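Topology and contacts: notes
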Amino acid sequence: MGVHHPECPERLDAINDRMIAAGLDIYMAYHEAPLAQMEQLLRVHSRGHIQNIEDSAPQHGIVHLDPDTAMNPGTWQAALRSAGAGVLAIDLLMQGHAKTAFCSVRPPGHHAERARAMGFCFFNNIAVAAMHAIEAWGLQRVAIVDFDVHHGNGTEQIFAGNEKVLMVGTFQHPFYPYCGTEHPAANMLNVPLPAGTRGDVFRQVVSDIWMPRLREFAPELICISAGFDAHYEDDMGSLGLLEADYAWVTQQIREIAALTAQGRIVSMLEGGYALSALGRSVAAHVKALADL
Ligand SMILES: [Zn+2]
């Protein structure tokens, strides 16, 4: 994204370092993300959008698609691998090789709409994963949980009105991308939170609002847009979650997955820009995902 941009390569280093420091790496099976195939991207994006991203990729230097979202010569491949990670994770779960997966990927995806890149996102990784589960594996009910500090507007736009998908989310409001509160579709459960909201209120929202709806929906798979920029230490937003809150919400999601989804959860990294808090939060999340 260019120097001084918060969506930086060091984010993944911080996660990898913390996984090792926390002793979690030895419990993990690591897989290299494949490139997403055109057919997989076309399930959620227009052909014109995909072509536009490829055509925008520079040979040298950096080009901006919007003031927040830039491409360098490696971005096209990285975006394909980021989306491909979720596809591989779905395949591994559906083949029974794993119960849960965490995709440590950049660029993130949940702001990418069907035909628009925005907010550091090019392809909507979680949407590509969810649609792969539906189209390639025939699932009828996929839940998407999004606890990033920003509303997953792209995921909402792609799945609004799709009865095979239920999306539940919390996000700071009013805040970028300044939507999500007005007339969401029936399969969208958007819970805006005011700046300053801490973990106690977040947990209440999850228990009282998310959980009954998730139980009723009875998902066969749960996908998580796992952004960690709602952390107290993250200056990108003004919410106050802590590692323990991420571990707790992950356990709640695991309970639903155990009931109806054979435990299947695919979690994909979205935001999270305070490097130490990001590493610690991912470690807490992955530890809970893996039931360690
Ligand atoms: Zn975010």
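The structure this text deals with has already been given above.
Residues numbered from 1 in each chain as written. Predicted model: local features only at pLDDT ≥ 70, side-chain atom pairs only at ≥ 80, totals over all residues. Heavy atoms only, no water.

Comments concerning the packing of helix 4 (residues 75-94) against helix 5 (residues 125-135)
Short version of the rule: Inter-axis angles, ranging from 0 to 180 degrees, are taken between N-to-C directions of lines fitted to C-alpha atoms, where helices are fitted over the stretch in contact. Each helix corresponds to a stretch of at least 4 residues labelled H or I by DSSP, and each strand to a stretch of at least 2 residues labelled E; elements are numbered beginning at the N terminus. Working rule for handedness: look at the near helix, and if it is turned counterclockwise from the far one by less than a right angle, call the crossing left-handed; if clockwise, right-handed. By definition in these notes, contact holds between two residues if any of their heavy atoms fall within 4.5 Å. Three categories are distinguished: nonpolar for Ala, Val, Leu, Ile, Met, Phe, Trp, Tyr, Cys and Pro, charged for Asp, Glu, Lys and Arg, and polar for the others, with Gly belonging to the last.
Helix 5 packs onto helix 4 with a crossing angle of 35 degrees between their chain directions and a minimal axis gap of 8 Å. Note on packing geometry: the crossing formed by helix 4 with helix 5 is right-handed. Between helix 4 and helix 5, the residues in contact are Ala 79, Ser 82, Ala 83, Gly 86, Val 87, Ile 90 and Asp 91 and Asn 125, Val 128, Ala 129, His 132 and Ala 133, respectively. Looking at side-chain class alone, the contact of helix 4 with helix 5 contains seven nonpolar, four polar and one charged residues.

Focus: the pairing of strand 5 (residues 165-172)
Remember that side chains alternate between the two faces of the sheet whenever the strand is regular. To keep things clear, this is the line we draw: Relative accessibility decides the category of a residue: with a 1.4 Å probe and only protein chains considered, values under 20% of the type maximum give buried, values over 50% give exposed, and everything between is partly exposed. Should DSSP find at least two bridges between two strands, the strands are regarded as paired. By convention, a crossover is right-handed whenever its connection, traced from the first strand over the helix to the second and viewed with the strands pointing away, goes clockwise.
Here strand 5 lies mainly inside the structure; eight of its eight residues are buried. Across the two faces of strand 5 the burial is the same, with Val 165, Met 167, Gly 169 and Phe 171 and Leu 166, Val 168, Thr 170 and Gln 172 all buried. The sheet contact formed by strand 4 (residues 142-146) and strand 5 spans five bridges and is parallel. Bridging from a neighbouring strand, Val 145 pairs with Val 168 of strand 5. In this region the chain leaves strand 4, passes through helix 6 (residues 153-159) and returns to the parallel neighbour strand 5; the handedness of that crossover is right-handed. Summarising the sheet, strand 5 and strand 6 (residues 188-193) pair through six bridges and their orientation is parallel. When the bridges of strand 6 are listed, Thr 170 appears paired with Val 191.

A look at helix 7 (residues 199-217)
In an α-helix there are 3.6 residues to a turn, and that puts residues three or four apart on one side. Test applied: A helix is expected to span 1.5 Å multiplied by its residue count minus one.
In this model helix 7 runs 25 Å from its N-terminal to its C-terminal C-alpha over 19 residues, within 8% of the 27 Å that 1.5 Å per residue would give. Taken together, the buried positions of helix 7 are Gly 199, Phe 202, Val 205, Val 206, Trp 210, Met 211, Leu 214 and Phe 217. If you follow the buried residues of helix 7, they end up packed against strand 4, strand 5, strand 6 and helix 8 (243-260). Downstream of helix 7 by a residue or two, Ala 218 has a phi angle that is positive, lying close to 55 degrees.

Things to note about the coordination of the zinc ion
Angles between donor atoms at a metal ideally measure 109.5 degrees for a four-coordinate tetrahedral arrangement and either 90 or 180 degrees for a six-coordinate octahedral one. Operational definition: Water is not among the atoms examined, so metal sites may look incomplete; donors are the N, O and S atoms within 2.8 Å of the metal, or within 3.2 Å for Na, K and Ca. Labels for metal geometry use angle windows, namely 85 to 135 degrees for all angles of a four-donor tetrahedral site, and for square planar (four donors) or octahedral (six donors) sites opposite donors over 155 degrees apart plus all others within 65 to 115; sites meeting none of these are irregular.
Distances from the zinc ion to its protein donors, namely Asp 148 (OD), Asp 148 (OD), His 150 (ND1) and Asp 229 (OD), fall within the range 2.0 to 2.8 Å. Around the zinc ion sit four donor atoms, and with donor-metal-donor angles ranging over 51 to 150 degrees the site reads as irregular. Here the donor residues of the zinc ion are spaced in sequence according to D-x1-H-x78-D. No difference in accessibility class separates Asp 148 from His 150, as the two residues are buried.

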